[in-house]
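Residue strings, one per chain:
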Amino acid sequence: MKPQRPQPVAPSVEVVDVTPARVRRPLDLVRLVGLLLAALLLTGLGLVASDTSRGVNDDLVRLLAEAPPVLVRALRTLAAFGALVVPIAFMVRELVRAQTRRLIEALVTGMIAIAVVEVADRLIDAFASEALHEALIRPGAAASVRPLDTYLAALLAFVTVVGVSQDPRWRGLLVATTGLYVISVFTATKVSLLSLMLSLVIGAVVGVAVRYLAGSLNRRPDGRQIAAALAERGIALRRLERTAPDGEEHRSYLGTDCEGRQLQVHVLDRDLIASGAVYNLYRLIRIRAEIAPSPALSLERVAEHRSLLAMAAAATGVAMPRLVAGVRCGPDAIALVYDRVTGSPLTEPTDRQLDQLWTGVLTLHRSRITHRGLRAANLLVEPDGRVLLPIPRDGTPFATDLRINLDRVELLVSTAALVGVPRAVRSARGTLTDSELAAIVAVLQPIALTPQTREAIRNNPGLIEAVREEIEGQTRQPAPDPARVERVRPRTIISVVAVLVAGYLIVGQLGSVDLLTVLTSARWEWLPLVLAASAGTYLGAALALTGYVGERLSFLRTVLVQLAASFAGFVTPPAVGGLAVNLRYLRKAGLRTANAATSVGMAQVVNGASHVVLLIAFAAATGVSTRHSVPIPGWAFFALGTLGVAVSVALAVPATRRWLLARLLPPLAEALPRLLNLLTRPAKLAEGLLGALLLNGCYIAALWFSVHAFGGGAALAQVAVVYLAGSAIGAAAPTPGGLGAVEVALSTGLAAAGMASAAAISAVLLFRLATFWLPVPAGWLAMQWLQRREAL
């Protein structure tokens with residue numbers, strides 16, 4: 001929409017504003033999400049708590065049966081009269097108020113709600129479970145009774161669009177009419193209370209969705225009303241101009257008073273306060289409340305918080321825009337007026353300006369005030385070269401050490417993107433002590449940073465690691481343990497769900513096995529060999545790691561680290577715990593983070609390559625064998641082809657190719673010098689290769705011994721193919737140690753190789769007991785021992 005022509009509010013004031021007739025309110029989106037969750041919750045209750053729903057209905061029926069029949073008939077008459085008159089009354093109201101368009105939208109929305117309920121009824125009749133159907137319709141209902149109530153849904157959708165929240169009398173009339181109708185329908189038909197509640201929620205969902213998509217009438221105060229409110233407060237303006245488009249949580253204006261002083265005016269609207277509330281709620285669930293404050297849905301609370309923060313920051317004397325006044329502009333808007341400073345973005349700061357920046361931020365932190373807006377795009381420099389902090393909005397005046405460190409991380413990452421990592425860290429060291437700077441490393445985690453800073457990190461791959469390395473290099477301080485910033489990780493949720501699915505699959509397999517008969521016929525003399533092969537895997541893993549580390553490491557301690565990694569892999573998602581333990585061990589041993597990551601990465605790459613080579617070799621061996629060969633399912637070729645096509649397409653698209661190169665090339669560039677150094681030491685390379693072969697060989701031997709313990713006659717090559725393929729599937733599974741996926745894959749493979757199903761399942765369980773479950777307590781003891789000796 002084009003800006004309107006300047007319109008004078010008074011003879012000496014002109015306003016340049018953009019006032020759209022209709023706006024989308026973020027709060028409607030929040031309501032829509034909440035209503036959808038409520039609909040899912042009610043549906044879930046109908047599925048899993050049908051007995052409870054039936055009991056509530058029976059109790060309500062007995063309660064209403066105690067009412068006098070005359071009262072019940074009177075209520076039904078009033079309900080029928082209200083159901084007819086109230087919608088007509090709302091229509092007349094809209095016509096009297098000349099809101100013809102809104103009336104038409106409300107009528108159309110009501111018809112949409114009717115269509116949605118009709119479709120839902122048909123879907124429930126056709127596909128819903130018997131439990132849900134019984135939860136919506138009470139026993140003995142006539143065939144004409146539908147699961148959902150069309151009138152209730154249409155009424156709620158209609159009034160949601162026309163609006164009743166601003167008028168208590170109309171709201172009370174609606175509540176009374178709806179309550180009478182619910183009681184009347186419940187007593188006259190056999191629908192359940194759950195059905196009526198779900199109908200109301202569906203109607204509200206349709207109404208809110210239409211209102212959000214079509215937009216609501218713009219009732220926000222315009223520039224003229226804002227200027228008038230400021231004038232009543234004693235801030236007389238001669239010009240007020242809109243400076244920022246919609247889409248933020250506030251509207252921004254540039255004001256000029258009668259003395260020529262310029263002011264920044266931030267207008268907080270009640271319907272804009274909820275902007276980003278869904279994302280903030282997600283952050284609150286995922287991240288600790290200390291880092292992600294709860295979403296603020298109150299206009300007054302947000303205005304008070306920003307005012308307090310601005311006044312507390314001004315009391316420290318730090319250079320930033322000063323809060324002049326807070327003015328209410330009607331019932332649903334508050335204007336915060338700040339001094340406007342003339343400055344340009346801080347794009348090429350000098351060392352003196354960086355020192356000013358850190359000094360100002362440290363002054364805030366000494367008063368326990370955080371800013372949480374110290375991004376490069378927000379930093380300004382005045383014509384005289386003085387650095388200004390932006391208006392504080394998201395900080396806190398009562399900050400904990402964790403929040404203060406997050407503020408410092410934000411500033412350090414922002415300045416590093418501007419002037420480079422070494423210079424940014426040197427500047428921070430000029431103000432912070434080495435211990436304070438080292439403490440930043442604990443919260444140097446992208447998930448804890450603001451969205452804008454995370455975007456800057458994505459545009460500068462390797463920035464976080466470079467900052468961490470530079471801090472460690474300049475301070476010579478031991479890196480602290482990472483701070484716990486997350487409540488719940490998505491991969492943890494996925495792992496829990498996957499474990500439940502895996503348990504279901506394993507129990508399903510065990511249900512078809514007579515374990516007592518199988519166990520009594522087992523040849524337990526193979527058990528020591530299984531355990532010995534399991535122990536050999538840790539020797540191989542230790543060699544596979546030390547082979548790619550040029551520095552001298554204790555071999556016994558490295559073996560214990562691999563044992564500790566087995567415990568970490570049990571309590572964390574796959575391919576995470578073990579890598580983290582090895583990386584931390586190498587860093588504790590004196591390696592820089594980049595070198596440690598390179599060594600661990602090279603060990604993983606070589607292990608993966610040897611895994612593929614062994615799989616191909618043993619598969620070829622089973623192909624020429626005269627005994628049972630392991631069949632390769634057709635879906636495996638399809639999956640391999642799909643993966644190849646996906647990789648080819650990704651490399652063919654320039655944007656995807658640049659994204660991949662931006663993330664792969666920097667780590668490779670860092671790792672290349674160390675790799676070339678290791679290539680000059682053939683003995684170390686041979687040690688790493690031997691470790692990778694020993695690791696896979698011992699796992700294969702453990703499975704082969706387990707097969708023989710239960711009378712299996714599969715050849716070693718066949719068992720090797722089964723293990724290598726099954727472990728690859730387990731590595732891709734989102735469960736700790738591939739739990740569930742490995743068991744299913746190995747038992748299926750052994751059965752395909754000619755082994756009896758019961759014996760195959762038992763052999764796999766023995767193999768997993770020796771290689772996965774038994775090492776867990778030993779790994780915990782090893783981890784405790786290593787931590788006490790500062791090796792982890």
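Remember, predicted model here, so these are calculated numbers, not experimental data.

Assigned secondary structure in the protein chain consists of 30 helices and twelve strands. Pairs at least 24 apart in sequence give 76% of the contacts found in the protein chain among residues at least 6 apart. Carbon and sulfur atoms provide 66% of the accessible area of the protein chain, an area that totals close to 38,700 Å².

Turning our eyes to something else, we now look at the side chain of Ser192. By the element assignment, Ser192 lies in the loop between helix 7 (168-188) and helix 8 (193-214). Ser192 gets classed as buried once you look at its relative accessible area, which sits at 0%. Beyond its immediate chain neighbours, meaning those up to four positions away, Ser192 contacts Asn57, Ala135, Leu136, Ile137, Arg138 and Phe186.

This next bit is on the pairing of strand 8 (residues 323-328). Pairing geometry for strand 8 and strand 9 (residues 333-339), over five bridges, is antiparallel. Bridging from a neighbouring strand, Ala325 pairs with Val337 of strand 9. If you look at the hairpin formed by strand 8 and strand 9, you'll find four residues sitting between the two strands, and Gly330 has a positive phi there, around 85°.

Going through the model one piece at a time under the given rule, you end up with eleven aromatic pairs. Ring plane angle 80° and centroid distance 6.5 Å describe the contact between Trp526 and Trp704, whose orientation is recorded as edge-to-face. Residue Trp526 is located in the loop between helix 19 (515-520) and helix 20 (527-546), and its partner Trp704 is located in helix 26 (residues 682-709); the two are separated by 178 residues in the primary sequence. What makes Trp526 buried here is its relative accessible area of 17%. An angle of 15° between the planes, with centres 5.5 Å apart, marks the rings of Tyr699 and Tyr723 as stacked. Of the two residues, Tyr699 is situated in helix 26 and Tyr723 in helix 27 (residues 716-732); the sequence distance between them amounts to 24 residues. Comparing Tyr699 with Tyr723, the two get one shared label, buried. An aromatic cluster of three or more residues is present, and its members are Phe90, Phe158 and Trp170. Note that Arg93 overlies the ring of Trp170, its terminal NZ or CZ placed 5.1 Å from the centroid. Taking the ring centre of Phe772 as reference, the NZ or CZ of Arg768 above it sits at 4.6 Å.

So, about the nonpolar core. Counting residues in hydrophobic clusters, the biggest one holds 48 residues, and the most contacted among them are Leu389, Leu412 and Val467. Sorting the residues of this core by element identifies helix 11 (299-315), helix 12 (351-366), helix 13 (401-419), helix 14 (421-429), helix 15 (434-440) and helix 17 (463-475) as the ones contributing at least two each. For this core, the element with the most residues is helix 13, which contributes eight residues. When residues no more than four places from it in sequence are discounted, the contact partners of Leu389 are Val318, Ala319, Met320, Pro321, Leu357, Val361, Leu364, His371, Leu374 and Leu379.

On to the sheet that holds strand 11 (residues 380-381). If you trace the three strands from one edge of the open sheet to the other, you get 10-11-12, paired in antiparallel fashion. The sheet is open, and its two edges are formed by strand 10 (344-345) and strand 12 (387-388), each paired on a single side.

This brings us to the environment of Ala597. Secondary-structure assignment places Ala597 in helix 23 (residues 593-623). Separated by ten residues in the primary sequence, Ala597 and Arg587 place their C-alpha atoms 9.1 Å from one another.

This prediction gives the protein chain a mean pLDDT of 80; 83% of its residues lie at or above 70. For residues 5-11, every residue scores under 50 in pLDDT, and the model assigns this stretch 13 contacts once sequence neighbours within four places are set aside. Of the regions scoring below 50 in pLDDT, residues 624-628 engages in five contacts with residues more than four places distant in sequence or in other chains.

Turning next to the environment of Leu739. By secondary structure assignment, the location of Leu739 is in the loop between helix 27 and helix 28 (741-752). Leu739 sits 33 residues away from Phe772 along the chain, and the two C-alpha atoms are 9.2 Å apart.

Counting across every chain of the model gives 27 salt bridges. Here Arg211 makes a salt bridge to Asp28, at a shortest N to O gap of 2.7 Å. With Arg211 in helix 8 and Asp28 in helix 1 (residues 26-48), the pair connects residues that are 183 residues apart, well separated along the chain. Just as Arg211 is buried, Asp28 falls in that class too.

Another aspect to go through is the packing of helix 2 (residues 50-65) against helix 7. Between two packed helices, the angle of one axis relative to the other and the distance separating the axes together describe the packing. Two elements in contact, helix 2 and helix 7, have axes whose closest approach is 11 Å; the angle formed by their N-to-C orientations is 100°. On the basis of the axis angle, helix 2 is roughly perpendicular to helix 7. Within the contact between the two elements, helix 2 uses Asn57, Leu60, Val61 and Leu64 and helix 7 uses Ile183, Phe186 and Thr187. Split into classes, the residues belonging to the contact of helix 2 with helix 7 amount to five nonpolar, two polar and no charged.

For the rest of this paragraph, the subject is a nonpolar patch on the surface. On the surface, a nonpolar cluster with roughly 580 Å² of combined accessible area is contributed by Phe81, Leu84, Val85, Ile88, Val92 and Val96. Judged by relative accessible area, which is 33%, Val85 ranks as partly exposed.

Despite not being glycine, Arg372 has its phi angle at roughly 60°, a positive value. Tracing the backbone shows Arg372 in the loop between helix 12 and strand 11. Arg372 sits in the buried class, given a relative accessible area of 12%. In this structure, Glu790 is a non-glycine residue whose phi angle is positive, near 60°. Residue position: Glu790 is located in the segment after helix 30 (775-788).

Before going further, it helps to examine helix 29 (residues 757-773). Relative to the 24 Å expected for 17 residues at 1.5 Å per residue, helix 29 spans 22 Å between its end C-alpha atoms, a close match to the ideal helical length. Most of helix 29 sits inside the fold, with twelve of its 17 residues counted as buried. Regarding helix 29, the residues found buried are Ala759, Ala760, Ile761, Ser762, Ala763, Val764, Leu766, Phe767, Arg768, Ala770, Thr771 and Phe772.

For helix 30, which comprises 14 residues, the first-to-last C-alpha distance of 20 Å matches the rise-based estimate of 20 Å (1.5 Å per residue) to within 8%. Pro775, Val776, Gly779, Ala782, Met783 and Leu786 are the residues of helix 30 that are buried. Along the axis of helix 30, the buried residues cluster in a sector spanning 115°; they form a single face. Of the exposed residues in helix 30, those oriented more than 90 degrees away from the buried face are Leu781 and Arg788. Of the residues flanking the end of helix 30, it is Glu790, one or two places downstream, whose phi is positive at about 60°.

Their axes nearest at 8 Å, the elements helix 4 (residues 100-127) and helix 6 (residues 150-162) cross at an angle of 150°. By the angle class used here, helix 4 and helix 6 are roughly antiparallel. Regarding helix 4 and helix 6, the two cross each other, and that crossing is right-handed. From helix 4, Arg102, Leu103, Glu105, Ala106, Leu107, Thr109, Gly110, Ala113, Ile114, Val117 and Glu118 reach across to helix 6, where they touch Thr150, Ala153, Ala154, Ala157, Phe158, Val161 and Val162. Grouping the constituent residues of the contact of helix 4 with helix 6 by class yields twelve nonpolar, three polar and three charged.

So, how was this worked out
- Residues numbered from 1 in each chain as written.
- Predicted model: local features only at pLDDT ≥ 70, side-chain atom pairs only at ≥ 80, totals over all residues.
- Heavy atoms only, no water.
- Helix = DSSP H or I, 4+ residues; strand = E, 2+ residues; numbered from the N terminus.
- Contact = heavy atoms within 4.5 Å.
- Areas by Shrake-Rupley, 256 points an atom, 1.4 Å probe, with all protein chains shown as cover.
- Buried < 20%, exposed > 50% of the residue type's maximum accessible area, 1.4 Å probe, protein only.
- Pairing = 2+ DSSP bridges.
- Phe/Tyr/Trp six-rings, centres within 6.5 Å; stacked < 30°, edge-to-face > 60°.
- Lys NZ or Arg CZ within 6 Å of the ring centre and 35° of its normal.
- Core = buried A, V, L, I, M, F, W, Y, C linked by side-chain atoms within 4.5 Å.
- pLDDT = per-residue confidence, 0-100.
- Salt bridge = Lys/Arg side-chain N within 4 Å of Asp/Glu carboxyl O.
- Axes fitted to C-alpha atoms, helices over the stretch in contact; angles between N-to-C directions.
- Parallel < 35°, antiparallel > 145°, perpendicular 65-115°, else oblique.
- Nonpolar A, V, L, I, M, F, W, Y, C, P; charged D, E, K, R; others polar.
- Patch = residues over 30% accessible without salt bridge, like charges linked within 9 Å, V, L, I, M, F, W, Y side chains within 5 Å.
- Expected span 1.5 Å × (residues − 1).
- Arc of directions from axis to C-beta.
- Left-handed = near helix turned anticlockwise from the far one by under 90°.

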